[in-house]
Amino acid sequence: MKPILDLQSFYSSSSAPSEISKDTNGHFNIIKVEDLQVSGGKPVSFTRRSYYKVSLVSGHSKIHYADQTFEVTESALVFTNPLIPYFWEPVDPNQTGLICIFTEDFFNGAGSVTNYPIFNSSGQGIVPLDAIGAEHFKEIFIKMQRELDGGYLFKYDLLRSMLIGLIHEAQKLQPAFGAPMLGSNAFERITQLFKELLERQFPIEVTGQRIKLNSPTAFANQLNIHVNHLNKALKEITGNTTSTLIAGRIIQEAKILLKGTVWPVNEISWSLGFEEPNHFSAFFRRNTGIKPKQFRQLSTD
């Protein structure tokens, strides 16, 4: 399992300006695609991140997003979130563009970025652009950069509004349609993506932390595939159903929290995605044969 790339790692592995925004509600920055070049001219590609990105890329490249591959021949907007790993494969070494990088906290007070469909699946996250569209969105990025460099007291509020406007404009455009991977390689890729999405939610370290994906449908929606296709892929590669794999990992974390913390069962239940503690207790007993409180008592004896 690759480590999640955080902001500090991102900036240390590129030549992008590393000044962290002074906004108390998270991080926001604008960088150039050219600043992501490493030795040999090969752009950096990341599969796991702790932040959101809106990228305006120009140049022939392929974007492997979830179980689909999108070919960019001219320009495109690419919307990525921390839950869906992706890989950027330049075909032409001459890549240009601009990237808006921000954390979920940056949206505090302006709704949740996760509510926007363009961030929620690979099927919506790639928007191809012609020359006129690319120039239009480039101007938006440049205006955001200008505001970021300026001294306006409420510039981060303005930047949030500009970013939201950009998102809405992109959502009104027709998204690209990727070519799905075929054969056993597709099932292996889906299994890999599923496992990364599942593991990325753990460990639970604070009581305010809560997993967002805890059902086959939730994972299928995140990967932009039908739940039956997900289950077929996992069954062939792992021998287990989607529900069994999810349940096993939740039970593993539940045991760790019951044994290693003093959190009340209702807080553990909430952190693991259950709306009611009795639903968690029934789930735990069904999978282990005993109730959560009994497991905790046996673990401390």
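That block above? That's the structure.
All values derive from a computational prediction rather than experimental measurement. (Residues numbered from 1 in each chain as written. Predicted model: local features only at pLDDT ≥ 70, side-chain atom pairs only at ≥ 80, totals over all residues. Heavy atoms only, no water.)

Peer 1: Explain the overall build of the protein residue by residue, including any values.
Peer 2: In terms of helices and strands, the protein carries 10 helices and 9 strands. Within the protein, the proportion of its 301 residues that are buried is 48%. (Helix = DSSP H or I, 4+ residues; strand = E, 2+ residues; numbered from the N terminus. Buried < 20%, exposed > 50% of the residue type's maximum accessible area, 1.4 Å probe, protein only.)

Peer 1: Describe the packing of helix H2 (residues 131–149) against helix H3 (residues 155–171), with residues and values.
Peer 2: In contact at an axis separation of 10 Å, H2 and H3 are set at 170 degrees when each is read in the N-to-C sense. The angle between H2 and H3 falls in the class roughly antiparallel. On H3, the residues that touch His-136, Phe-137, Ile-140, Phe-141, Lys-143, Met-144, Glu-147 and Leu-148 of H2 are Lys-155, Tyr-156, Leu-158, Leu-159, Met-162, Leu-163, Leu-166, Glu-169 and Ala-170. Looking at the contact of H2 with H3, its residues break down into 12 nonpolar, 1 polar and 4 charged. (Axes fitted to C-alpha atoms, helices over the stretch in contact; angles between N-to-C directions. Parallel < 35°, antiparallel > 145°, perpendicular 65-115°, else oblique. Contact = heavy atoms within 4.5 Å. Nonpolar A, V, L, I, M, F, W, Y, C, P; charged D, E, K, R; others polar.)

Peer 1: If you had to explain the nonpolar core to someone new, which residues and values would you point to?
Peer 2: Counting 34 residues, the largest nonpolar core has Phe-219, Leu-230, Ile-250, Leu-272 and Phe-280 as its most contacted members. Secondary-structure elements contributing two or more residues to this core are helix H4 (183–200), helix H5 (216–223), helix H6 (227–238), helix H7 (242–260), helix H8 (265–271) and helix H9 (277–288). Top contributing element to this core by residue count: H7, with 7 residues. Ignoring any residue separated from it by four or fewer positions in sequence, one finds Phe-280 in contact with Ala-254, Val-265, Ile-268, Ser-269, Leu-272, Phe-274 and Pro-292. (Core = buried A, V, L, I, M, F, W, Y, C linked by side-chain atoms within 4.5 Å.)

Peer 1: Explain the side chain of Lys-53 residue by residue, including any values.
Peer 2: In this fold, Lys-53 is placed in strand S2 (residues 52–58). No salt bridge is formed by the buried Lys-53; its nearest oppositely charged neighbour, Asp-35, is found at 12 Å. Ignoring sequence-local partners within four residues, the contact set of Lys-53 consists of Val-78, Phe-79, Thr-80, Tyr-86, Ile-99, Cys-100, Ile-101 and Phe-119. (Lys, Arg positive; Asp, Glu negative; His and termini not counted. Salt bridge = Lys/Arg side-chain N within 4 Å of Asp/Glu carboxyl O.)

Peer 1: A description of the sheet that holds S2 should follow, citing residues and the corresponding values.
Peer 2: Reading across the sheet, the 5 strands line up as S1-S7-S2-S5-S8 and stay open at both edges, with antiparallel pairing between neighbours. The open sheet is flanked by strand S1 (28–32) and strand S8 (126–129), the only strands paired with a single partner. Sheet twist, expressed as the mean angle between neighbouring strand axes with direction ignored, is 10 degrees. Those strands touched by H3 are S1, S2, strand S5 (75–80), strand S7 (96–102) and S8, and its axis lies near 115 degrees from that of S5. (Pairing = 2+ DSSP bridges.)

Peer 1: With reference to specific residues and values, describe the pattern of salt bridges.
Peer 2: Within this structure, the stated rule accounts for 6 salt bridges. Residue Arg-160 is joined to Asp-157 by a salt bridge in which the shortest nitrogen-to-oxygen separation is 2.8 Å. Of the two residues, Arg-160 and Asp-157 both sit in helix H3, 3 residues apart, roughly one turn of that helix. With relative accessibility at 6%, the residue Arg-160 sits in the buried group. Overall, Asp-157 belongs to the partly exposed group, its relative accessible area being 40%. Here Glu-199 ties to Arg-249 by a salt bridge, and the two come within 2.9 Å at their closest N and O atoms.

Peer 1: Which residues make up H2, and what values do they have?
Peer 2: Taking 1.5 Å per residue as the helical rise, H2 with its 19 residues ought to reach 27 Å, and the 27 Å between its terminal C-alpha atoms agrees with that figure. Within the span of H2, buried status applies to Gly-133, Ala-134, Phe-137, Ile-140, Phe-141, Met-144 and Leu-148. Around the axis of H2, the buried residues are gathered within 125 degrees of arc, so they sit on the same side. Seen from the buried face of H2, the exposed residues on the opposite side, beyond 90 degrees, are Ala-131, Ile-132, Arg-146 and Asp-149. Tucked inside the fold, the buried residues of H2 contact S1, S2, S5, S7, S8 and H3. (Expected span 1.5 Å × (residues − 1). Arc of directions from axis to C-beta.)

No statement about biological role is implied by the geometric values presented.
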